[in-house]
Amino acid sequence: MRFSQLLIPTLKETPAEAEIISHQLMLRAGFIRKLASGIYSYLPLGLRSIRKVEQIVREEMNKAGAQELLLPMVQPSDLWQESGRWQKYGPELLRFTDRHKRESCLGPTHEEVITDLVRKNVHSYRSLPINLYQIQTKFRDEIRPRFGLMRGREFIMKDAYSFDATDIDAGLTYEKMNDAYHRIFKRCGLSFRAVEADSGTIGGSYSHEFMVLADTGEDTIVVCRECSYAANTEKARAMETPIPEPVEQLPLKKIETPGKRKVKAVCEFLDIFPENLVKTLIYVADGKPVAVLLRGDHEVQEVKLQNLLGADEIRLTDDKETFDFTGTPTGYLGPVGLHLRIVADLEVLKMANFTVGANEKNFHLQNVNRGRDFTVDETADLRMITEKDRCPQCGGELELTRGIEVGHIFKLGTTYSEALKATFLDDQGQEIPFIMGCYGIGVSRTVASSIEQNHDKDGIIFPLPIAPFQAILLNLSTRDKEITAAAESLYEELTKQGIEVLIDDRDERPGIKFKDADLIGIPFRVMVGKSLTKEGKIEIRDRKSGETISVTQQEAGDRIKQMIETAMAECRV
RNA sequence: CGGGGCGUGGCGCAGCCUGGUUAGCGCGCCUGCCUUGGGAGCAGGAGGUCGGAGGUUCGAAUCCUCUCGCCCCGACCA
């Protein structure tokens, strides 16, 4: 294709609205333009990259035995009523009423629709397993869209749904998808990790997230330096260690701690370590207060807490609410004599003779012991993992790193098939619900994360498999007949060979073409200019390494083809 | 929704505090000349009723009120 004819509105300056690098570069490189908050147009170059990712996804999904279909984006409310999510889903679900006063929504995900399709059309174990996917625009009315394509309200997603007859089969399907996802992201040239994850609101029992490693990622993930363990911090388990032998319980002591509210201040004042203090936090879970006990140096992992409480919504109380619930100002709370539901982190069970607030302003209690002085209603692993923790799998050192979630696979079990009464007859003639799984990939986000991971001061550096073009051919002097003829004939040759090449045939100075070529990140830059007329040479430059080689006009075509093949091989699986 | 910030030609910004005639600059765009290996130079030109509405005033980009949009931090998630 010709640069002169494509809509590639590159920008010299970064638009003020863009904060992170991928967003800035996609705007500058003319890949996307914003229409409204979280809603973008994909311009020709951006769309080409997206299509590349889609194609890889398609190939791997098909190879894994899944079938492509396309489901409606507009969905009737009835189905969502049936699954119970019409109430549950909240404002992210964009709802509207049509001319017949029927309520509908824009599909944020398609469990309901696919389950309905399958329950109406699949009735026997003989038809299973079945795995259906689509690549489609989704709409989620995000509270706060941001970072360009990274968190848009409208975005392109591949979503797949599997239906199996048995748990064992469902497990096999899950593994197949896990494998396909590894292949997909490897083929996209991304550096990523699959991590254990919380299954969130989609519901289900078991899940993994595929995280592209990037500092601007919105998620923190925990990775073991020694073994394969990797998890989202929402899920990362604290290593289970034995509860120490009981020690002698010292007599309870009430002590004045005037104005000492923060853990740090209390510890300094009493000359103790945070490891020997238990802090008490008051949360509201679906409107009801609950006290959470945690070792002084630990932080709550709210998703773990939410799962333990089985609540739809939890939040930390503010100072006023805390006082209303407990009669004690924040900073002096403790479990002794507290008349609230009390849950404790596992680590608290291992402590003895510790310090807590006395539920009285300016006082703390020392030598507190669970059992003797208070009881807890429930205990669980509730805290955020830190780099000081050890791997729950092998005991190795852990590393915390940032990641962008580009894929997520879930075992759904029978959550949806039961709700929607989607059943089949097994080999005994028994009617049982399908065992489901669902598998998503953020396609547009994948392109953005690739840029997040691969760029330099000059612009994007695309991995070859998802670059909008494989090569960009610069005609550095469109007014020179010899150069133009050579560039045009090489362009034809490459195009005939099936290479995706963009020829920069604009009547511009070389500097502009170099800058634009770097900015849009095409992996190979072929330059036809002065050195052709002077030395008979054409140069080929590698965008990533910056290495440039000179070849004769005759060998140029073959060399480029060979370089592309070599680079593609690196991302093959 | 809570907290912070911003809306002035396509992009980046100044002007606003302390109202005053034709609203300015850089880039981009158009024409001509010139130039062609890292975003050149010269000359000429087009393009903005200053997000919108109302108000104060002889006079509003500037002051006041309301409103809309956008961005950042938090709850959400591919």
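What counts and what doesn't
- Residues numbered from 1 in each chain as written.
- Chains lettered and ligands numbered in written order.
- Predicted model: local features only at pLDDT ≥ 70, side-chain atom pairs only at ≥ 80, totals over all residues.
- Heavy atoms only, no water.
- Salt bridge = Lys/Arg side-chain N within 4 Å of Asp/Glu carboxyl O.
- Helix = DSSP H or I, 4+ residues; strand = E, 2+ residues; numbered from the N terminus.
- Buried < 20%, exposed > 50% of the residue type's maximum accessible area, 1.4 Å probe, protein only.
- Near = heavy atom within 4 Å.
- Polar contact = N/O pair within 3.5 Å; in protein donor to acceptor, adjacent residues only side chain to side chain.
- Nonpolar A, V, L, I, M, F, W, Y, C, P; charged D, E, K, R; others polar.
- Domains from an automatic or database assignment.
- Contact = heavy atoms within 4.5 Å.
- Buried area = accessible area lost by both parts, 1.4 Å probe.
- Pairing = 2+ DSSP bridges.
- Axes fitted to C-alpha atoms, helices over the stretch in contact; angles between N-to-C directions.
- Phe/Tyr/Trp six-rings, centres within 6.5 Å; stacked < 30°, edge-to-face > 60°.

> Could you give me a rundown of the pattern of salt bridges, with the residues and numbers involved?
For the structure shown, the criterion picks out 44 salt bridges. Across the salt bridge formed by Glu 347 and Arg 383, the nearest N and O atoms sit 3.9 Å from each other. Of this pair, Glu 347 sits in helix H10 (residues 346–349) while Arg 383 sits in the loop between strand E20 (378–380) and strand E21 (398–413), placing them 36 residues apart in sequence. As far as the burial class goes, Glu 347 and Arg 383 line up, both buried.

> How would you sum up the protein's contact with RNA strand B? Please name residues and give values.
In the vicinity of RNA strand B, 55 residues are found, and the nearest of them are Ile 143, Arg 144, Arg 151, Arg 479 and Lys 530. In RNA strand B, the atoms that sit within 4 Å of the protein are 48% sugar and phosphate, with bases accounting for the remainder. Here Ser 37 contributes a backbone N or O atom positioned 2.9 Å from a phosphate oxygen of RNA strand B. A distance of 3.0 Å separates a base oxygen of RNA strand B from a polar atom in the side chain of Arg 525. Only strand E1 (32–36), strand E8 (154–164), E21, strand E24 (435–442), helix H14 (510–520), strand E29 (524–528), helix H15 (530–535) and strand E30 (537–542) provide two or more residues apiece to the surface near RNA strand B. Element by element, the count of residues in the surface near RNA strand B is highest for H14, at 7 residues. Split by residue class, the surface near RNA strand B holds 18 nonpolar, 10 polar and 27 charged.

> Help me get a handle on the domain arrangement of chain A, residues and values and all.
The domain architecture assigned to chain A consists of domain 1 (21–237 + 399–452), domain 2 (253–380) and domain 3 (469–570). Domain 1 and domain 3 are separated by 39 Å when their C-alpha centres are compared. Between domain 1 and domain 3, the contact holds 8 residues from the first and 5 residues from the second. Of the roughly 600 Å² buried at the junction of domain 1 and domain 3 (both faces included), carbon and sulfur atoms supply 64%. Considering only the surface of domain 1 that becomes buried against domain 3, Leu 45, Arg 48 and Lys 52 emerge as the three largest contributors, covering 58% of it. The partner of Arg 48 in a salt bridge is Glu 500, and the shortest N-O contact between them spans 3.9 Å. One can count 1 residue pair in polar contact (both at pLDDT 80 or more) joining domain 1 with domain 3. For the side of domain 1 that touches domain 3, the secondary structure elements donating two or more residues are helix H1 (21–28) and helix H2 (44–63). Ranked by the residues each element gives to the side of domain 1 that touches domain 3, the list is headed by H2, at 3 residues.

> Can you explain the sheet that holds strand E19 (residues 363–368)? Please cite residues and give values.
Strand order in the open sheet made by the 3 strands is E13-E19-E18, with antiparallel pairing throughout. Two strands bound the open sheet, and with one partner strand each, they are strand E13 (253–256) and strand E18 (354–357). Across the sheet, the mean angle from the axis of one strand to that of its neighbour is 30 degrees, orientation sign disregarded. Bridge analysis of E18 against E19 gives 3 bridges, and the strand direction is antiparallel. By the bridge assignment, Phe 354 is partnered in E19 with Val 368.

> Lay out the pairing of strand E10 (residues 206–213) in plain terms, naming residues and giving numbers.
For E10, the tally of buried residues reaches 6 of 8 residues, placing the bulk of the element in the interior. Bridge count between strand E9 (residues 192–196) and E10: 5 bridges; the pairing is antiparallel. By the bridge assignment, Val 195 is partnered in E10 with Glu 209. Of the pairings in the sheet, the one linking E10 to E21 comprises 8 bridges and is antiparallel in character. Looking at the pairing, Leu 213 lines up with Gly 403 of E21.

> Lay out helix H12 (residues 443–453) with the relevant residues and their values.
The buried fraction of H12 amounts to 10 of the 11 residues, a majority that puts the element mostly inside the structure. Every buried residue of H12 is listed here: Val 443, Ser 444, Arg 445, Thr 446, Val 447, Ala 448, Ser 449, Ser 450, Ile 451 and Glu 452.

> Can you break down the packing of aromatic side chains residue by residue, with the values?
Overall, the coordinates contain 11 aromatic pairs when judged by the stated rule. Considering the side-chain rings of Tyr 181 and Phe 185, the 6.1 Å spacing of their centres and the 85 degrees angle between planes classify their relative orientation as edge-to-face. Here Phe 185 and Tyr 181 lie together in helix H6 (residues 167–187), a separation of 4 residues that amounts to about one turn. Residues Tyr 181 and Phe 185 agree in their burial class; the two are buried.

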